[in-house]
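One letter stands for each residue in the lines below.
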Amino acid sequence: HMAATIAGTGAASNGKFKGVAPGAGIYFQAVLNKDGEPEPPADLADLFWPAYSAGARVHVDGWGGGLDTYGDSAAQVDDFVRSHPDFLVIFGAGNNGPAASTITSEANSKNALAVGASVLPRPAFVSGADDAAATSDFSSRGPAGDGRIKPELLAPASAVISARSRLVDGNLQGFPDYTQMQGTSMAAAVAGGSSTLMREYFKKYMDMSTPSAALVKAALINGSRPAAGSPSREGFGIIDLAGTVIALKEGTFRVSDEWAGVSQGDAVTYTFHVADSTAPFKATLAWTDPPAEPGSGRALVNDLDLVVKTPDGKVYYGNHFLGKNTPDRTNNVEQVYLPSSVPGDYT
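It should be emphasised that the depicted structure is a prediction, and the values quoted were computed from it without experimental measurement. (Residues numbered from 1 in each chain as written. Predicted model: local features only at pLDDT ≥ 70, side-chain atom pairs only at ≥ 80, totals over all residues. Heavy atoms only, no water.)

Enquirer: Explain the nonpolar core to me, using residue names and the numbers behind them.
Expert: Proteins that are soluble and globular tend to have nonpolar side chains buried together. With 37 residues, the main nonpolar core has Ile90, Val115, Met198 and Phe202 as its most contacted residues. Breaking this core down by element, the ones donating at least two residues are β2 (88-92), β3 (113-118), β4 (153-156), α4 (184-205), α5 (213-222), α6 (241-250) and β12 (333-338). Counting residues per element, this core draws most heavily on α4, at eight residues. Once residues within four sequence positions are removed from consideration, Ile90 is found in contact with Val58, His59, Val60, Asp61, Leu113, Val115, Ala188, Ala191, Gly192 and Ser195. Leu44, Leu47, Val77 and Phe91 belong to the second-largest nonpolar core, a separate cluster that totals 13 residues. (Core = buried A, V, L, I, M, F, W, Y, C linked by side-chain atoms within 4.5 Å. Buried < 20%, exposed > 50% of the residue type's maximum accessible area, 1.4 Å probe, protein only. Helix = DSSP H or I, 4+ residues; strand = E, 2+ residues; numbered from the N terminus. Contact = heavy atoms within 4.5 Å.)

So, in C-alpha cells, the structure goes:
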C-alpha cells in the first residue's frame, strides 16, 4: 500500500489511482522478524547504508514506537544523515492521537522529516471527515520530548486508496486490486513521493546536482499550507507540493543550499524584495544537526538562529509564533511566518 502510494503507476485502475511519483524506483528492505513484528537492525546504519549505496536518497519508514523521547534510534538517524547530508529519512509520527506528546521515539530525530496525518475528505470511508485543514484524530501529536516542533508536516492520510497486497482483502468496490487504508505510515508515503519529486525539481530545473535533505525538508515546510490555526508545536502545515513547485517556478520562493555551513559567530545574509502585500511572508531555515546523547533533555547541538528584519524595522526570530519573539534554543527548523506582509526589502 505504501509502495504504490509512493510510486504506483495506477495501471490496474487505468491510471485513476496513481502514486505521487509514478516514475520513481523503489529499493525494498524487509524489517520484520519471523513473528511478523518490526525488528530493524540494532544499528540503523545497517538499514540505511545498503539503500544509500543503491542510490536511494529518500528513505520512507512506516515503523516505530516507544516513548516520545530522544533515544538511541533518533540519535542513530541523526548520525547517519549528518554523515550523508543528501539522504532524507521520513518517519510517520505514530497513530496514538489525539493526545499531545504521543509521537514515536524515531519521530524525535532532528534530521528526519516526521509526518502526521491530515484529513483526506472522503466521507464514504470516514464519516464526517470533511475538513482538509484538520489533523486526523488517530495521528500522534507533538511536541517532541524536548519541546521541538514535531511532526514538522502533515500529509492527507485518513483515507488513502492504493494498491492491495494479494494477502489482504480489498475494501474498494469495483477496484479489486486496490484498497483504502489510513495511518501516518500512509502520510509518510505521501511525503516520500513528494520529497522525491521535490529532489527531481531541484536537480532538473534548478541545476542542483546534490540537493541536501535539509533543503528538501525546508522547501516542503515553507511551501506547506496552514493547518487549523497556524504553525505550532504540532507542525508547520500540510504538504502542498503543487503550491511549492509553482512558487519556485514563479520565483516567489527563493532557496539556498549552504553546504559550507556557517562558523561560530558568523552570519549568512539574504535580502528578499516583496511587492505583493496581499500575500503572507515566510522564511524557513533547516539544518542537519549532529546527534545528541540519547536521553538528552535538549537534543539541539548546533544552535543557529533565523532572524528576519522587515521593511518597517521590526525584527522577528525563528518560531516567534510559539509565543516568544526571542532566539530559539530548541529546534533545528526555524520559521518566520507573517500572515500579511509589508512591501519592501526583507533581510
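Enquirer: So what's going on with the packing of α4 against α5? Residues and values would help.
Expert: Across the interface, α4 lies against α5 with an axial gap of 10 Å and an inter-helix angle of 110 degrees. In terms of their interaxial angle, α4 and α5 are classed as roughly perpendicular. Contact residues: α4 offers Ser195, Met198, Arg199 and Phe202, while α5 offers Leu215, Val216, Ala219 and Leu220. Each residue belonging to the contact of α4 with α5 can be placed in one class, and the counts come to six nonpolar, one polar and one charged. (Axes fitted to C-alpha atoms, helices over the stretch in contact; angles between N-to-C directions. Parallel < 35°, antiparallel > 145°, perpendicular 65-115°, else oblique. Nonpolar A, V, L, I, M, F, W, Y, C, P; charged D, E, K, R; others polar.)

Enquirer: Explain the sheet that holds strand β7 (residues 237-238) to me, and be specific about the residues and the numbers.
Expert: In spatial order, the strands read β1-β2-β3-β4-β7; together these five strands make up an open sheet with parallel pairing. Looking along the sheet, the strands with just one partner apiece sit at the ends: β1 (58-61) and β7. Sheet analysis places β4 next to β7, joined by two bridges and oriented parallel. What sits directly across from Leu153, in β7, is Gly237. (Pairing = 2+ DSSP bridges.)

Enquirer: How would you explain the side chain of Ser136 if you had to name every residue and give the values?
Expert: Looking at where Ser136 falls in the secondary structure, it is placed in the loop between β3 and β4. Judged by relative accessible area, which is 3%, Ser136 ranks as buried. Among the polar contacts made by the side chain of Ser136, one reaches the main-chain carbonyl oxygen of Ser118 at a distance of 3.2 Å. Ser136 has contacts with Ala117, Ser118, Val119, Arg141 and Ser158, leaving out every residue within four places of it along the chain. (Polar contact = N/O pair within 3.5 Å; in protein donor to acceptor, adjacent residues only side chain to side chain.)

Enquirer: Requested: an account of unusual backbone geometry, with residues and values cited.
Expert: Here the residue pair Gly142 and Pro143 is connected by a cis peptide bond, since its omega of 5 degrees sits within 30 degrees of zero. Residue placement: Pro143 occurs in the loop between β3 and β4. Looking along the chain, the bond that leaves Lys150 and enters Pro151 is cis, with omega of -10 degrees. Examined against the element boundaries, Pro151 turns out to sit in the loop between β3 and β4.

Enquirer: Pulling in residues and values, what's your account of the pattern of salt bridges?
Expert: According to the stated counting rule, one finds nine salt bridges in the structure shown. When the shortest N-O distance is used, the salt bridge between Lys110 and Asp289 registers 2.8 Å. You can see Lys110 sitting in the loop between β2 and β3 and its partner Asp289 sitting in the loop between β9 (281-286) and β10 (307-309), a full 179 residues away along the chain. Of the two residues, Lys110 and Asp289, neither departs from the other in class, the shared state being buried. Here the salt bridges share partners, and the residues they tie into one network are Arg298, Asp303, Asp305 and Arg329. (Salt bridge = Lys/Arg side-chain N within 4 Å of Asp/Glu carboxyl O.)

Enquirer: So what about the side chain of Ser224? Which residues, and what values?
Expert: Inspection of the secondary structure assignment puts Ser224 in the loop between α5 and β7. A distance of 2.8 Å separates a polar side-chain atom of Ser224 from the backbone oxygen of Ile221. Contact partners of Ser224, with chain neighbours within four places excluded, come to Leu153, Phe236, Gly237, Ile238, Ile239, Asp240 and Lys282.

Enquirer: Tell me about a nonpolar patch on the surface, residues and numbers included.
Expert: A cluster of nonpolar side chains, Val262, Val268 and Tyr270, forms an exposed patch at the surface whose accessible area comes to about 240 Å². Examined against the element boundaries, Val262 turns out to sit in the loop between α6 and β8 (272-274). Take Val262: its relative accessible area is 35%, and that puts it in the partly exposed class. (Patch = residues over 30% accessible without salt bridge, like charges linked within 9 Å, V, L, I, M, F, W, Y side chains within 5 Å. Areas by Shrake-Rupley, 256 points an atom, 1.4 Å probe, with all protein chains shown as cover.)

Enquirer: I'd like to hear about the environment of Lys203, residue by residue, with values.
Expert: On the secondary structure map, Lys203 appears in helix α4. Classification of Lys203 as partly exposed rests on a relative accessible area of 40%. When sequence neighbours within four positions are dropped, the list of residues in contact with Lys203 reads Met208, Ser209 and Pro211.

Enquirer: Provide a residue-level description of the packing of aromatic side chains, including the pertinent values.
Expert: Each aromatic ring pair is characterised by the separation of its centres together with the angle its planes make. Across all of its chains, the model carries 12 aromatic pairs by this definition. Arranged with centres 6.3 Å apart and planes meeting at 80 degrees, the rings of Tyr52 and Phe80 form a pair that is edge-to-face. Of this pair, Tyr52 sits in helix α2 (residues 45-53) while Phe80 sits in helix α3 (residues 72-83); the two residues are 28 residues apart in sequence, bridging distant segments of the chain. Taking relative accessible area as the criterion, Phe80 reaches 6% and is therefore assigned buried. Through pairs of rings, three or more aromatic residues link up here, namely Phe48, Trp49, Tyr52, Phe80 and Phe87. Its guanidinium or amino end placed over the ring of Tyr52, Arg57 lies 3.6 Å from that ring's centre, counting from NZ or CZ. (Phe/Tyr/Trp six-rings, centres within 6.5 Å; stacked < 30°, edge-to-face > 60°. Lys NZ or Arg CZ within 6 Å of the ring centre and 35° of its normal.)

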